[in-house]
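# Breakdown of the fold
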Amino acid sequence: MVKTVKALGIRAPNAGILAANVLRSLEDPKEEVRFIVNPGAETGMDAVARRYGYSMEVSRLEKDLEIRMVPSGKTMEEIDVTGETCPGPVLIVGERLSALAVGERLKVKSASADTLADITAAITASGSRILGEGTEGDRHVITVEKDEKKEMPQGNLSVANRDRVLIVQSNGTGNAERAYATFIFSKVAVSMGKKVTIFLLMDGVSIARKGSAAGVKHPAFPPLDQLMDEMVKAGVTMYACENSAAFRGISEKDLAFGVKLAGAATYIQLLSDPTYAVVNF
Amino acid sequence: MNMTYQVIALAILFSSMITGFIIFRMQGMKLAPHFGALILALIVTLAALITGISAVAVVAAFLQVIVTLTAYTQLYKILQDNFQTAPGYGAHLALVTMLPVLAIAGLLM
């Protein structure tokens, strides 16, 4: 369990005195405590944490600071999802997170950075936070803090600035016109200052296989691989559905330059984002 | 040489022109070598039937086999990864797959 104490408006050293009183009066000495304070109020709180056998971490919220006091020796729960395929990792982490209390943390490891990116999309969509990411040996790691989803104020959807475009491509190299349309529309959207994300789904992942776009040609246009390279260099994000790729025996090493594998959570997150206009090819 | 097989091959080549045109529209210039082979085989098969010359019929049979080979070599990459659009190519592949059988039958019987 994690106790949260909002101490906004209390300055140092009073915030430290409050922290000492809170730590002294805890019923469970293994309980973690989060203090939400104004910047500057944390001065002296580290000495309080040491005195009561806690380690202290400071992280910045939007305007305020989060001071987390963790009993020394308490270890964070860890989970390794290496080898699991989409949507396995998202479901495993989601289940584990649901058993945690708000404020508790979980370390998630995987050999694939793309898998962690998918988990990150699912976690942030559910309201929890990613506190940090990095590597440990051959594993990519993220640290997650459980939180509750904040309700969006009414009216926000209608004023969302739709300045991003999601192009869903599910026909692949088997339909040259749709394949061309994907990248020509991307080019137009980029020229209009839009941020473009292409999600290759089902047959669409055939475009992601290294060298396959070079075979799609039309006299009126440059070869598809040229358009694709141009879009990657222009900053277009290109995802290939992990499941669709697995169905076709396409692995990470078979992917064309600039394409990343992504799971169902990333796709759902993109579709749910009101700032995206969605186009299907 | 039995010219009956060449008549059947000619009918298949005509039909393949239609199915081939449809997949050419879907696929674009990638299929140009196959479409070229198809047109050439059609012309030579027609010439073999009009002239009745065995040597021309042998060339026609050879080109009919080439039509099948180019269809598969050009479409292999597409069929490898495109499961949903593959049926669009089915009719053309089914037609051209008959050609080598007829070509061999025409030469041997």
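Residues numbered from 1 in each chain as written. Chains lettered and ligands numbered in written order. Predicted model: local features only at pLDDT ≥ 70, side-chain atom pairs only at ≥ 80, totals over all residues.

## Observations regarding the overall build of chain A
Heads up, the condition is: Every helix listed is a DSSP run of H or I at least four residues long, and every strand listed is a run of E at least two residues long, numbered separately from the N terminus. In this description, any two residues whose backbone-derived C-beta atoms lie within 7 Å of each other are considered to be in contact.
Along its length, chain A carries nine helices and 13 strands. Considering only contacts in chain A between residues 6 or more positions apart, those separated by 24 or more positions represent 71%.

## A short note on the interface of chain B and chain A
Spelled out, the test is: Asp, Glu, Lys and Arg are counted as charged, while Ala, Val, Leu, Ile, Met, Phe, Trp, Tyr, Cys and Pro are counted as nonpolar; the rest, among them Gly, fall into the polar class.
Between chain B and chain A, the residue contacts involve 13 residues of the former and 18 residues of the latter. Only α1 (4-27) and α3 (54-81) of chain B provide two or more residues apiece to the side of chain B that touches chain A. No other element matches the three residues that α3 of chain B contributes to the side of chain B that touches chain A. The residue inventory of the side of chain B that touches chain A, partitioned by class, reads five nonpolar, five polar and three charged.

## Quick word on the nonpolar core
How we decide: What makes a nonpolar core is a set of buried Ala, Val, Leu, Ile, Met, Phe, Trp, Tyr and Cys residues, with links drawn between C-beta atoms within 7 Å. With C-beta atoms placed from the backbone, a residue is buried if 20 or more other C-beta atoms are within 10 Å of its own, exposed if 12 or fewer are, and partly exposed between those counts. Note that the domain bounds were set by an automatic or database domain assignment.
Membership of the largest hydrophobic core comes to 52 residues, with the highest contact counts inside it found for Leu200, Ala208 and Ala240 of chain A. Split by domain, this core shows at least three residues from each of two domains, domain 2 (77-145) and domain 3 (156-280) of chain A. Excluding residues within four positions of it along the chain, Leu200 of chain A makes contact with Gln169, Val205, Ile207, Ala208, Tyr239, Ala240 and Cys241 of chain A. By size, the runner-up hydrophobic cluster in this structure holds 29 residues, among which are Ala61, Leu63, Val96 and Leu102 of chain B.

## Some details on α1 of chain B
All names here are of chain B. Quick reminder of the rule: Multiply 1.5 Å by the residue count of a helix minus one, and that product is the helix's expected span.
For α1, built from 24 residues, the straight-helix expectation of 34 Å at 1.5 Å per residue is met to within 8% by its first-to-last C-alpha distance of 33 Å. Among the residues of α1, Tyr5, Gln6, Ala9, Leu10, Ile12, Leu13, Ser16, Gly20, Ile23 and Gln27 are the ones counted as buried. Note on α1: the residue one or two positions beyond its end, Gly28, has a positive phi of about 80 degrees.

## Re the sheet that holds strand β3 (residues 54-60) of chain A
All names here are of chain A. Applicable threshold: Two strands form a pair only when DSSP identifies at least two bridges running between them. The angle between two axes is taken between their N-to-C directions and runs from 0 to 180 degrees, where each axis is a line fitted to C-alpha atoms and a helix contributes only its stretch in contact.
Spatial ordering of the open sheet is given by β1-β2-β4-β3, a layout of four strands whose pairing is mixed. The strands lining the two open edges of the sheet, one partner per strand, are β1 (2-6) and β3. Sheet twist, expressed as the mean angle between neighbouring strand axes with direction ignored, is 20 degrees. The pairing of strand β2 (residues 32-37) with strand β4 (residues 65-71) spans five bridges and is antiparallel.

## A closer look at the packing of α1 of chain B against helix α2 (residues 32-51) of chain B
Residues and elements named next belong to chain B. Stated precisely, the cut-off is as follows: Should an angle fall under 35 degrees it is called roughly parallel, over 145 degrees roughly antiparallel, and 65 to 115 degrees roughly perpendicular, with every other angle called oblique. Each crossing gets its handedness from the near helix: less than a right angle anticlockwise from the far helix is left-handed, clockwise is right-handed.
As a packed pair, α1 and α2 sit with axes 10 Å apart at the nearest point and diverge in direction by 155 degrees. Judged on the interaxial angle alone, α2 and α1 are roughly antiparallel. Of the two possible hands of crossing, α1 and α2 adopt the one that is left-handed. From α1, Gln6, Val7, Ala9, Leu10, Leu13, Ser16, Met17, Gly20 and Phe24 reach across to α2, where they touch Phe35, Leu38, Ala41, Leu42, Thr45, Leu46, Ala48 and Leu49.

## Considering the sheet that holds strand β5 (residues 77-80) of chain A
Residues and elements named next belong to chain A. Across the sheet, four strands lie side by side as β5-β6-β8-β7; this open sheet has mixed pairing. Taken across any chain shown, the strands that pair with only one partner, and hence form the sheet edges, are β5 and β7 (129-136). Strand after strand, the sheet turns through a mean of 20 degrees between neighbouring axes, direction not considered. The sheet contact formed by strand β6 (residues 105-110) and strand β8 (residues 139-145) spans six bridges and is antiparallel. The residue of β8 that forms the bridge with Lys107 is Thr143. Most of the contacts of helix α3 (residues 88-98) go to β6, to which it runs at about 165 degrees, and overall it touches β5, β6 and β8. Lying on the sheet, helix α4 (residues 113-125) is in contact with β6, β7 and β8; it crosses β8 at an angle near 10 degrees.

## So, the environment of Ile104 of chain B
Examined against the element boundaries, Ile104 of chain B turns out to sit in helix α4 (residues 87-108). Residues Ile104 of chain B and Val65 of chain B, 39 residues apart in the sequence, show an inter-C-alpha distance of 8.9 Å.

## Observations regarding unusual backbone geometry
All names here are of chain A. The peptide bond linking Ala12 to Pro13 adopts the cis configuration, its omega dihedral lying at 5 degrees. Non-glycine residue Met202 carries a positive phi angle of around 45 degrees. If you trace the backbone, Met202 turns up in the loop between β10 (195-200) and α7 (224-233).

## Thoughts on the packing of α3 of chain A against α4 of chain A
All names here are of chain A. It is the contact of α3 with α4, at a shortest axis distance of 9 Å, that shows an interaxial angle of 50 degrees. With respect to their mutual orientation, α3 and α4 come out oblique. α3 and α4 meet at a crossing whose hand is right-handed. On α4, the residues touching Pro89, Val90, Val93 and Gly94 of α3 are Thr115, Asp118, Ile119 and Ala122.

## Quick look at the pairing of β8 of chain A
Residue and element names in this part refer to chain A. Summarising the sheet, β7 and β8 pair through seven bridges and their orientation is antiparallel. Bridge pairing in β8 places Arg129 opposite Glu145. Hairpin remark: β7 followed by β8, antiparallel, with two residues in the connecting loop; positive phi at Gly137, about 65 degrees.

## What to know about α4 of chain B
Residue and element names in this part refer to chain B. Where we set the bar: The angle separating two fitted axes, one through the seven residues that finish at a residue and one through the seven that start at it, defines the bend at that residue.
For α4, built from 22 residues, the straight-helix expectation of 32 Å at 1.5 Å per residue is met to within 8% by its first-to-last C-alpha distance of 33 Å. The sharpest bend along α4 reaches about 25 degrees and sits at Leu93. Here α4 has its buried residues at Tyr89, His92, Leu95, Val96, Leu99, Leu102, Ala103 and Gly106. Next to the buried residues of α4 lie α1 and α3.

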